[in-house]
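Tertiary structure, described
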Amino acid sequence: MTAYNAAEGKYDVVNSLLDTVSGEQAVPFDYGTEAEFIKKVDLSVAGNIMDCGECHVGGGAMEYIPHPDMTKRTPLVDLATTGVVGFGGTAGVAAPITAANYTAFNYFIDNYDVDGDGNKTEAQYIDYAQAGVMEMDCLMCHLPGYDYVERRHQLRTGKLGSLAAIGAGFASDNGAAYGTANFGTTVVYDNVPDNGSNLQLSGTWMDENIAAVPDANNCAFCHMNEFSVDWKKRGDHWAPEGQYDFAYEVHYNLGCMGCHERDTDTPPSWVGSDPTSLAENYVAQGLGSLGHDPAKGMYAQYSGLYNKNDNVQFKDCVDCHVTGTEGGQAYGAPNPTAAHEAAGLNAVVAQGANTMDGNAKVSHIDMMHCSTCHSRKIDSYAWGNTGAPMIDATGADHDGRLTDHENTYVTKPDMTDQTSLQWFKGKLRAVQPSATMFYRDKNDTPALDANFDGRPHGMDALLMTDVLAVNAVNGWNAISYDTHGNVTQADFATRLGALATYIENKAGVAAGTAKIKFSIFHVNFANQHAVSPAQYAWGSGAGNNPLDPADDNVDTCTDCHSSASNFYNGFVDTTGPTVMNYGASTSQRVPFTKVNGFSQPTDWHPNQFDKFAKRSIAIQISNVDNGNGGLTTRSVQKSENAYEASFMTTADFAPSYTSSGAIDFTGFEKGWLLKVQAREIATGTVTTRSKAVGVGGGAADVANVTELLASLGTFTSDFEFTVTADGAGTGITITADPGYEIKLAGGVDNSASFKLSHAAYQPATWTAVDGSTHTGRASWVAYLDSIDSSDLPAAGEAIIVGLPATVEVGSTVTLTADETANDDAGSVSYSWICNDTTDDPETPDVNEGILDGPVVDKTFSKIGTWTVTLRVVDTYGDLITVSQDVQVTAPAPAADIAVDSPSGLDNSVTFSNLPAHDMLYIIWGDGARQRVYDTAASVSVPHNFSASSRYFDGSNYNYRTTVYVYNGSTRVDIKREILTIAP
């Protein structure tokens, strides 16, 4: 929940758990009367337990009233006695919740007719002290052969305390009727281990029967059964007809916990403290902790079960096949890197989810999750499981569940690969669509609150209890089931009319007020379970039908890059065998929602984003002309999930924006959101200000621009911009204050309603790596189709040009690589190494010996023979090197040495014609050495020569004198001379 902060122009999150009367948190709401409860509730806590609890291990909200502080949770069994703190309206005081109070915790709609009176729409009271609660049932996961069917039967009859014993096969039903004493808390123990003499399970029995790591069959009952949705969303293992999963697909043999089990060697972070005292229900866990919370991946973008432990010790593909992390090394999985390199998949040839400026930045491996190529179900064999279901929420299934997941006309039998592609977190991933068909009220006016939640605006989905009530009166099931998958316009008309009448009567409004329609809502779920053998993966050359050798592709690139390929050009069947025909326009259907600033209708989840995660990809499937004056659904091309029809990007900041036309005030304007982003030009700081019409002050229903501005109130002038009427008075102009620029945020705002879509988005042009430009999906896909192996870059070459064999010390030489040799090599990097350079220990992070770039300058500071190596890394990541030796020599001697006096050993010597220098190193030739620090071109240095007879020839003394001339650490000259001095 939010509250408007007018001072800052934003909606602050408020504590929706706070009871404003008592000041306590998590206080159940009392609907007051049975009629109000029935009117507003379809699935309360007890109803949820009986419906969804068949796949829930218990505990949590199925045993307690939740509370942010786990020490303050109220056990459900204590509702009618101890009660709940704050329920009576007094802080710190607990009051019981009795049968006279109608809350979502002690009443439920009797969808399963637990009392057997035939009335499935009544409000039924539950006393948990007699019915029991769903405590955590460890054996659901850890006891192979657990009887889920009997457990489910107990759930459907409201006998919650008997689930564990009966599911484990220790006991049978007590035969007691719903509501009688202890009807759900007692059982008949008729098969207890130890011959029934001891109700405690012995250690011997535990050793013989309990699976420490849950058996995959236990997981499968909830996650892979026909009524479950996980296999329909995430895919499943498969094998060709006549073969078996376990003999064909190695991942099948690992079982579910092969990937999802955590390593429990490291104790949980809360060891040593009472976990119930934690303020947070889910504490952050480290590696190896909380093994009873199976690991989940981080790429399930629509997962409703996300918590802080996701992706902790989960084994994704790379953990087993590449890095050996998260325990993956235990499986010894083959590393595909060499195969990927051989196929050119490591070549930097694409742009990925980055800017589309024509420059290759990533490889196929960089931008595609493993599932993109390896998750594809090629055969459906006997089971007929294909996934990609349509969930029919127009009626219950044969077992009474509130929606139908499993009739023949929604499970899509006899189809194979329904995977598609979608961008998420910067990568393409294999996804599988799931569609839900449901009823809603179009609600153009505030006169009707069709789901009775107190918010009569927007397109309310009808309560399933209302749908089932209408179905019960008319003897209907889900519409796809009753029509055998052939739904006509007349079928919809009959049901929509009956629902409208029912809702109008329930709400007490005039006939014709309700505008009941149907919608289809699609979600793409990450598919990582339908793994195919490597030889059948996309890009292997196996083609659309890997089981048919005639379909193979010699050029493996055309496995995907071809108009004939089903990789991104194929279609996904959205409704399977069910054919729906309905009235034109919005007479019987409405799109699920509108996205991108309320500018585009879509039947897809708003979080289906483009590759930049900037815009939702709008896809309508329910607006196709059926040729008979109405509409029908269509299949969706896989590329539609990845790319918009017309490429768009966010608008630029500008001094002002004005409505492109007259604003339409004919609807109900409450909730229109104006979301302005203001950028301070000097600093680049962006601040977002928001105001929704009629929410947080101001009139809700406005008829013109004047009333709109009045409803927005001080928002029009309090911040970094002003909002005024445009010149015609039929739209608005948003003008930035001096020093600022503005645009609209787009996304969930109503920029289109204000005729300001151009202030949120603008057309975009993509430049491909071949230099071609594209403005939409059709052109881009045609470009992708044109790619084949001839477009792969050549291997890199390393060629040095123009490097001299000999250079003078201290000179600078230009090292040049032949870049023309790599004109066809794509993205290539160059670097040089010369072994005359040693690393400076003062800068350990810098490698002084490496020079980057195809053309660099190198100064040789040491005399000797040195090796220059050119390193080329090509687009495939391969390193190519070539080396050449360079001899670095001293310069030709230039310095002169002369004794200042022809006689006398106590003399001086002049060193002249010196190059630029700062030090002379003199070897006098008489055993003495001397350093002289001077920078003059001519230097006279005194020296008393040795009078040793070894230097005397009978007439004169002779000394072999050498001077080394240094400039810094570089020796720039050397000179040797025989000095002759008379005695």
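Please read all numbers here as calculations on a predicted model, not as lab measurements.

1. Comments concerning the overall build of the chain
When its secondary structure is counted, the chain shows 21 helices and 47 strands. For the chain, the C-alpha radius of gyration of 40 Å lies well beyond 30 Å, the compact-globule estimate for 983 residues. Seen through its C-alpha atoms, the chain measures out along the principal axes to roughly 140 × 85 × 70 Å. Here the chain, with 983 residues, has 45% of them falling under the buried criterion. Within the chain, contacts between residues at least 6 apart in sequence are counted, and of these 61% link residues at least 24 apart. Accessible surface, the chain as shown: approximately 43800 Å² in total, 52% of it carbon and sulfur. Of note, the chain has its 57 positive side-chain charges centred 4 Å away from the centre of its 118 negative side-chain charges.

2. Some remarks on the packing of aromatic side chains
One pass over the full model with this rule turns up 36 aromatic pairs. Ring geometry for Phe952 versus Tyr957: centroids 4.8 Å apart, planes at 45°, classification tilted. By relative accessible area, Phe952 is classed as partly exposed at 33%. You can call Tyr957 buried: its relative accessible area is 12%. Members of the aromatic cluster, joined through ring pairs, are Phe911, Trp924, Phe945, Tyr951, Phe952, Tyr957 and Tyr959.

3. What to know about the side chain of Glu741
Secondary-structure assignment places Glu741 in strand E29 (residues 740–744). In this structure the side chain of Glu741 is engaged in a polar contact, spanning 2.6 Å, whose partner is the side chain of Arg679. Those residues in contact with Glu741 that lie beyond four places of it in its chain are Phe653, Ala654, Pro655, Gln677, Ala678, Arg679, Ile681 and Ala736.

4. Comments concerning the pairing of strand E17 (residues 579–583)
Strand residues, when the strand is regular, have side chains that alternate between the two faces of the sheet. Of all the 5 residues making up E17, 4 are buried; the element is thus mostly covered by neighbouring parts of the structure. For E17 and strand E21 (residues 630–632), the ladder comprises 3 bridges, and the chain directions are antiparallel. Within E21, the position partnered with Gly583 by the bridge is Gly630.

5. Considering the sheet that holds strand E28 (residues 732–736)
Spatial strand order, E24-E28-E27: 3 strands in an open sheet with antiparallel pairing. The sheet terminates laterally at strand E24 (656–658) and strand E27 (721–725), the two strands that pair on one side only. Averaged over all adjacent pairs, the angle separating strand axes in this sheet is 10°, with direction ignored. In the sheet, E27 pairs with E28 via 5 bridges, with the strands oriented antiparallel. Bridge pairing in E28 links Phe721 to Ala736.

6. Describing the sheet that holds strand E38 (residues 855–859)
Within the open sheet, the 3 strands sit side by side as E33-E35-E38. Their pairing is antiparallel. Two strands bound the open sheet, and with one partner strand each, they are strand E33 (800–801) and E38. Sheet analysis places strand E35 (residues 812–817) next to E38, joined by 5 bridges and oriented antiparallel. Each bridged residue has a counterpart across the sheet, and for Thr814 the counterpart in E38 is Asp857.

7. Overview of helix H19 (residues 489–507)
With 19 residues, H19 should reach 27 Å at 1.5 Å per residue; the first-to-last C-alpha distance of 27 Å fits that figure. The complete set of buried residues in H19 reads Phe492, Arg495, Leu496, Leu499, Ala500, Ile503 and Glu504. Projection of H19 onto a plane perpendicular to its axis shows the buried side chains occupying an angular sector of 165°, all on one side. Considering only its buried residues, H19 is in contact with strand E13 (427–441), helix H17 (464–474), helix H18 (479–482), strand E14 (486–487), strand E15 (516–526) and E17. A positive phi of about 70° marks Gly508, the residue just after H19.

8. A look at the nonpolar core
Core analysis: the largest hydrophobic core is formed by 42 residues, its most contacted members being Met437, Tyr439, Leu462, Phe492, Ile516, Phe518 and Met580. For this core, the secondary structure elements donating two or more residues are E13, H17, H19, E15 and E17. With 6 residues, the single largest contributor to this core is E15. When neighbours within four sequence positions are excluded, Met437 is seen to be in contact with Met390, Ile391, Asp392, Ala393, Thr394, Ile479, Phe492, Phe518, Ser519, Ile520 and Met580. Core analysis: the next-biggest nonpolar cluster, separate from the first, contains 30 residues, Tyr4, Ala654, Leu674 and Val693 among them.

9. With respect to unusual backbone geometry
Negative phi is the rule for most residues except glycine; trans is the rule for most peptide bonds. Backbone geometry places Phe452, a non-glycine residue, at a positive phi of 60°. Structurally, Phe452 can be placed in the loop between E13 and H17. Positive phi, normally seen in glycine, also occurs at Asn596, with a value near 55°. Mapped onto the elements, Asn596 comes out in the loop between strand E18 (593–595) and strand E19 (600–602). Residue classification places Asn596 among the buried positions, given a relative accessible area of 2%.

10. Looking at the domain arrangement of the chain
Its domain assignment divides the chain into domain 1 (1–212), domain 2 (434–522 + 576–608 + 620–638), domain 3 (651–763), domain 4 (800–837 + 847–889) and domain 5 (898–981). The straight-line distance from the C-alpha centre of domain 1 to that of domain 2 is 32 Å. Taken together, the 8 residues of domain 1 in the interface contact 7 residues of domain 2. Regarding the contact of domain 1 and domain 2, the summed buried area is about 640 Å², with carbon and sulfur atoms giving 63% of it. Counting the surface domain 1 buries against domain 2, the share from its top three residues, Lys39, Lys40 and Asp42, is 67%. Here domain 1 is connected to domain 2 by 0 salt bridges. Sort the elements by how many residues they give to the side of domain 1 that touches domain 2 and helix H1 (residues 34–40) lands first, with 3 residues.

11. Notes on the pattern of salt bridges
Taken as a whole and judged by the stated rule, the model has 23 salt bridges. Between Glu54 and Arg152 there is a salt bridge, with the nearest N and O atoms lying 3.4 Å from each other. With Glu54 in the loop between helix H2 (45–52) and strand E3 (64–65) and Arg152 in helix H5 (residues 148–156), this residue pair connects regions lying 98 residues apart in the sequence. Residues Glu54 and Arg152 agree in their burial class; the two are buried. With its nearest N and O atoms 2.9 Å apart, the salt bridge here joins Arg634 to Glu640. Using a relative accessible area of 24% as the deciding quantity, one classes Arg634 as partly exposed. Overall, the relative accessible area of 10% leaves Glu640 in the buried class. Salt bridges linked by common partners bring Glu54, Arg152, Arg156, Asp397, Asp399, Arg401 and Glu406 together as one network.

12. Quick word on H2
Residues that lie three or four places apart on an α-helix share one face, since the helix turns once every 3.6 residues. Burial within H2 is extensive, with 6 of its 8 residues counted as buried. When we look at burial in H2, the residues that qualify are Val45, Ala46, Gly47, Ile49, Met50 and Asp51. Next to the buried residues of H2 lie strand E7 (107–109), helix H3 (128–131) and H5.

13. What about the confidence of the model for the chain?
Any region with low pLDDT has predicted coordinates that should not be read closely. For the chain, the mean per-residue pLDDT works out to 87, and 91% of the residues sit at or above 70. Predicted confidence is poor over residues 265–290, with pLDDT under 50, and the contacts of this stretch with residues over four places away or in other chains come to 50 contacts.

14. Let's talk about the environment of Lys10
Relative to the helices and strands, Lys10 resides in strand E2 (residues 10–13). What makes Lys10 partly exposed here is its relative accessible area of 34%. When the C-alpha positions of Lys10 and Lys691 are compared, they lie 6.9 Å apart, and in sequence the two are 681 residues distant. With sequence-adjacent residues up to four places away left out, Lys10 is seen in contact with Ala3, Tyr4, Asn5 and Ser690. Within the structure, Lys10 has its side chain in polar contact with the side chain of Glu8 (distance 3.4 Å).

15. Quick look at the pairing of strand E47 (residues 970–981)
In the sheet, strand E46 (residues 957–967) pairs with E47 via 11 bridges, with the strands oriented antiparallel. Note on E47: the bridge partner recorded for Thr961 is Glu977. Joining the antiparallel neighbours E46 and E47 is a turn of 2 residues, in which Gly968 adopts a positive phi near 65°.

16. Observations regarding the packing of H17 against H19
Geometrically, a packed helix pair is captured by the angle between its two axes and the distance between the axes. H19 packs onto H17 with a crossing angle of 115° between their chain directions and a minimal axis gap of 10 Å. Two packed elements cross with a definite hand, and for H17 against H19 that hand is right-handed. Residue-level contacts link Asp466, Val467, Ala469, Val470, Asn471 and Asn474 of H17 to Arg495, Ala498, Leu499, Tyr502, Ile503 and Lys506 of H19. Considered class by class, the residues forming the contact of H17 with H19 number 7 nonpolar, 2 polar and 3 charged.

Rules used throughout
Residues numbered from 1 in each chain as written. Predicted model: local features only at pLDDT ≥ 70, side-chain atom pairs only at ≥ 80, totals over all residues. Heavy atoms only, no water. Helix = DSSP H or I, 4+ residues; strand = E, 2+ residues; numbered from the N terminus. Rg over C-alpha atoms; globule rule 2.2 N^0.38 Å. Buried < 20%, exposed > 50% of the residue type's maximum accessible area, 1.4 Å probe, protein only. Contact = heavy atoms within 4.5 Å. Areas by Shrake-Rupley, 256 points an atom, 1.4 Å probe, with all protein chains shown as cover. Lys, Arg positive; Asp, Glu negative; His and termini not counted. Charge placed at Lys NZ, Arg CZ, Asp CG, Glu CD. Phe/Tyr/Trp six-rings, centres within 6.5 Å; stacked < 30°, edge-to-face > 60°. Polar contact = N/O pair within 3.5 Å; in protein donor to acceptor, adjacent residues only side chain to side chain. Pairing = 2+ DSSP bridges. Axes fitted to C-alpha atoms, helices over the stretch in contact; angles between N-to-C directions. Expected span 1.5 Å × (residues − 1). Arc of directions from axis to C-beta. Core = buried A, V, L, I, M, F, W, Y, C linked by side-chain atoms within 4.5 Å. Domains from an automatic or database assignment. Buried area = accessible area lost by both parts, 1.4 Å probe. Salt bridge = Lys/Arg side-chain N within 4 Å of Asp/Glu carboxyl O. pLDDT = per-residue confidence, 0-100. Left-handed = near helix turned anticlockwise from the far one by under 90°. Nonpolar A, V, L, I, M, F, W, Y, C, P; charged D, E, K, R; others polar.

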